[in-house]
4 protein chains.
Amino acid sequence: MPRITLQDGMNILEAAFDKARSLGLTVAVSIVDARGDLVAAARMDNAIWWWTESSRGKAVATVAYEGVPSGELLERSSRPVAHGLQQMFHGRFMPQQGAMPVFKDGVLVGAVGTAGGSGEEDEEISGAGAAAVGQ
Amino acid sequence: MPRITLQDGMNILEAAFDKARSLGLTVAVSIVDARGDLVAAARMDNAIWWWTESSRGKAVATVAYEGVPSGELLERSSRPVAHGLQQMFHGRFMPQQGAMPVFKDGVLVGAVGTAGGSGEEDEEISGAGAAAVGQ
Amino acid sequence: MPRITLQDGMNILEAAFDKARSLGLTVAVSIVDARGDLVAAARMDNAIWWWTESSRGKAVATVAYEGVPSGELLERSSRPVAHGLQQMFHGRFMPQQGAMPVFKDGVLVGAVGTAGGSGEEDEEISGAGAAAVGQ
Amino acid sequence: MPRITLQDGMNILEAAFDKARSLGLTVAVSIVDARGDLVAAARMDNAIWWWTESSRGKAVATVAYEGVPSGELLERSSRPVAHGLQQMFHGRFMPQQGAMPVFKDGVLVGAVGTAGGSGEEDEEISGAGAAAVGQ
């Protein structure tokens, strides 16, 4: 059963921050496993303090919905189940654009979330991070 | 790096309450630093008890969004990240009109929030408070 | 029915901060009304951010127990009712030394809480604040 | 005013995990800034999911108490203010052994927390991490 590793987490952070710098952006990035638990997270210098929280919240939502990129979750986000999950997580469940799933051998092993840019930019950065995982 | 001081907080309270009296209004006013932590707060006689909380919540939202007056946050306020932040803060994050940022030397050092009037009136009072800060 | 006023709150802050300076201490001070709702609060420069919260929590506990100085509440603080109240307040109920009641005409109208020194120092500063209220 | 950087965070993680491996331990490590906000965090393969949370909670307590190693906080941890802070942080405030402060030019800029070993082992690993910060 493939799992996301510490090395994966570090590779994702490096690739995501490289992408952010190439776009001239300052962001925070979080990686969670398939359960939604934190594997690794960091924020760039001058990133706003709560971006670590929202990058994580987006990644949690992506794995909670079995790997759907968080940008496709907007419609679901207005439903009572989404509101209930958000309260169960004390707010740390944010079905909003900016996270991408991480797969190994076709199995969902986690997700990457980014915060600091627009939803599209965050998603692009998360995608660059996810692509750094050895398949 | 400029920071907001206790004296700034007291000057803001005095200027904001003077403005409220000139408008014939009863309000509460809160001042937070750039992280969103409370610097000073007070409510006028006969102000409703929770106005201290909502004046603070608006100020927190303004610094959380890097100094945008809270009146410009309505669109963002309906998004999952905003709902999540509100829960992380136990409700003390309220992206609604009535707060203004405080700058020193061009650096965001905090925000003033007001509650008790209309959104426009609250914002005018917060603006009068913010203007009392030595630049 | 006597009530605590904005002017009382400001006088308390001034007297408490004067006392703190005379003791060479940096503190935060909160004043609540007889219901436990915030009337005024402020922190001195370089005070730790959460002292505003704990100064308030001590003042809330004092009025919640009908004016007992919070230093006399240690025994009660270990009881289930105290734990329940603390959770109802999301932590903002702290029956620990450092707050003093405020009376007018023999009626409990509020409390002053201080954080930043030892329990004894905080209580002394709160007492100096409470003494500034016109009886 | 010195601040903790992303590079500091990454250097701390590397040094702390190297120390953990040399001790034959599996841990999670979190780094927070002087306000208690997350800078970086990661967990080793096979670390228990909540160790990221407790490593962070210890680091938060250390900066909240102005840089006292979390192992010296046990007495304070039983007081009402500590319980209140823990509830304000949704549990993410844990004054228990395993965290060490990070200083730059003599200024407290953050803290490192570790979870997974005994309190003494966690503290040793956090200390190795803190020592990796350029002074």
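Reading the values: rules and limits
- Residues numbered from 1 in each chain as written.
- Chains lettered and ligands numbered in written order.
- Predicted model: local features only at pLDDT ≥ 70, side-chain atom pairs only at ≥ 80, totals over all residues.
- Heavy atoms only, no water.
- Contact = heavy atoms within 4.5 Å.
- Buried area = accessible area lost by both parts, 1.4 Å probe.
- Salt bridge = Lys/Arg side-chain N within 4 Å of Asp/Glu carboxyl O.
- Polar contact = N/O pair within 3.5 Å; in protein donor to acceptor, adjacent residues only side chain to side chain.
- Nonpolar A, V, L, I, M, F, W, Y, C, P; charged D, E, K, R; others polar.
- Least-squares fit on C-alpha atoms with pLDDT ≥ 70 in both.
- Pairing = 2+ DSSP bridges.
- Helix = DSSP H or I, 4+ residues; strand = E, 2+ residues; numbered from the N terminus.
- Axes fitted to C-alpha atoms, helices over the stretch in contact; angles between N-to-C directions.
- Phe/Tyr/Trp six-rings, centres within 6.5 Å; stacked < 30°, edge-to-face > 60°.
- Buried < 20%, exposed > 50% of the residue type's maximum accessible area, 1.4 Å probe, protein only.
- Lys NZ or Arg CZ within 6 Å of the ring centre and 35° of its normal.

*Asks:* Which parts of the structure should I look at to understand the interface of chain D and chain B?
*Replies:* Much of the literature gives interface size as the accessible area that the parts lose upon coming together. At the interface, seven residues of chain D touch seven residues of chain B. Of the roughly 490 Å² buried at the junction of chain D and chain B (both faces included), carbon and sulfur atoms supply 37%. A per-residue breakdown of the area chain D buries against chain B is headed by R35, D37 and H90 of chain D, which together make up 69% of the total. There are two salt bridges connecting chain D and chain B. The partner of R35 of chain D in a salt bridge is D37 of chain B, and the shortest N-O contact between them spans 2.5 Å. The tally of links from chain D across to chain B stands at three residue pairs in polar contact (both at pLDDT 80 or more). Residue composition of the side of chain D that touches chain B, grouped by class: two nonpolar, two polar and three charged.

*Asks:* How do you make sense of the relation of the copies chain A and chain D when you look at a structure like this?
*Replies:* The two chain copies are related to each other by a rotation about an axis together with a translation along it. With an RMSD of 0.1 Å, the operation that places chain A on chain D is a rotation of 180 degrees combined with a shift of 0.0 Å along the axis. Classification of the inter-copy transformation places it as that of a two-fold axis. Considering only C-alpha atoms, the residue of chain A closest to the rotation axis is A41 of chain A, which sits at 2.6 Å. A share of 100% of the interface residues of chain A reappears at the interface of chain D, consistent with the copies meeting face to face through the same patch.

*Asks:* Sorry if this is basic, but what is going on with the sheet that holds strand β4 (residues 107-115) of chain D here?
*Replies:* What links the strands of a sheet is backbone hydrogen bonding, and the strands pair in either a parallel or an antiparallel sense. One open sheet accounts for eight strands, arranged β3(A)-β4(A)-β1(A)-β2(A)-β2(D)-β1(D)-β4(D)-β3(D); its pairing is antiparallel. Only two strands of the sheet have a single neighbouring strand rather than two, namely β3 (99-104) of chain A together with β3 (99-104) of chain D. The mean angle between the axes of side-by-side strands here comes to 15 degrees, regardless of whether they run parallel or antiparallel. Bridge analysis of β3 of chain A against strand β4 (residues 107-115) of chain A gives six bridges, and the strand direction is antiparallel. Across the sheet, the residue bridging to M100 of chain A is V112 of chain A, located in β4 of chain A. Across the sheet, helix α2 (residues 51-64) of chain A lies against β1 (28-33), β2 (38-43), β3 and β4 of chain A together with β2 (38-43) of chain D, angled at about 150 degrees from β4 of chain A, the strand it touches most. Helix-sheet contacts for helix α4 (residues 119-130) of chain A involve β3 and β4 of chain A, and the interaxial angle to β4 of chain A is about 140 degrees.

*Asks:* Before we go on, may I ask you to explain the interface of chain A and chain D in this structure?
*Replies:* Each partner contributes to the interface: chain A provides 24 residues, whereas chain D provides 24 residues. Summed over both partners, the interface of chain A with chain D comes to about 1900 Å²; 47% of that surface belongs to carbon and sulfur atoms. Among the residues chain A hides against chain D, the three largest losses belong to L6, L38 and R43 of chain A. Together they make up 28% of the total. Seen at the junction of chain A and chain D, the total is four salt bridges. Among the ionic pairs, R43 of chain A bridges to D33 of chain D, the shortest N-O distance being 2.7 Å.

*Asks:* So what exactly am I meant to see when it comes to the packing of aromatic side chains here?
*Replies:* The geometry of an aromatic ring pair is captured by two quantities: the separation of the ring centres and the angle between the planes. Per the stated rule, a full pass over the model turns up 16 aromatic pairs over all chains. Considering the side-chain rings of F89 of chain B and F93 of chain B, the 5.8 Å spacing of their centres and the 10 degrees angle between planes classify their relative orientation as stacked. For the pair F89 of chain B and F93 of chain B, a shared accessibility class is recorded, and that class is buried. What links up through ring pairs into an aromatic cluster is the set W49, W50 and W51 of chain A together with Y65, F89 and F93 of chain B. A cation sits over an aromatic face here: R35 of chain B above W49 of chain A, 3.4 Å from the ring centre.

By themselves, these are just geometric observations and shouldn't be taken as functional.
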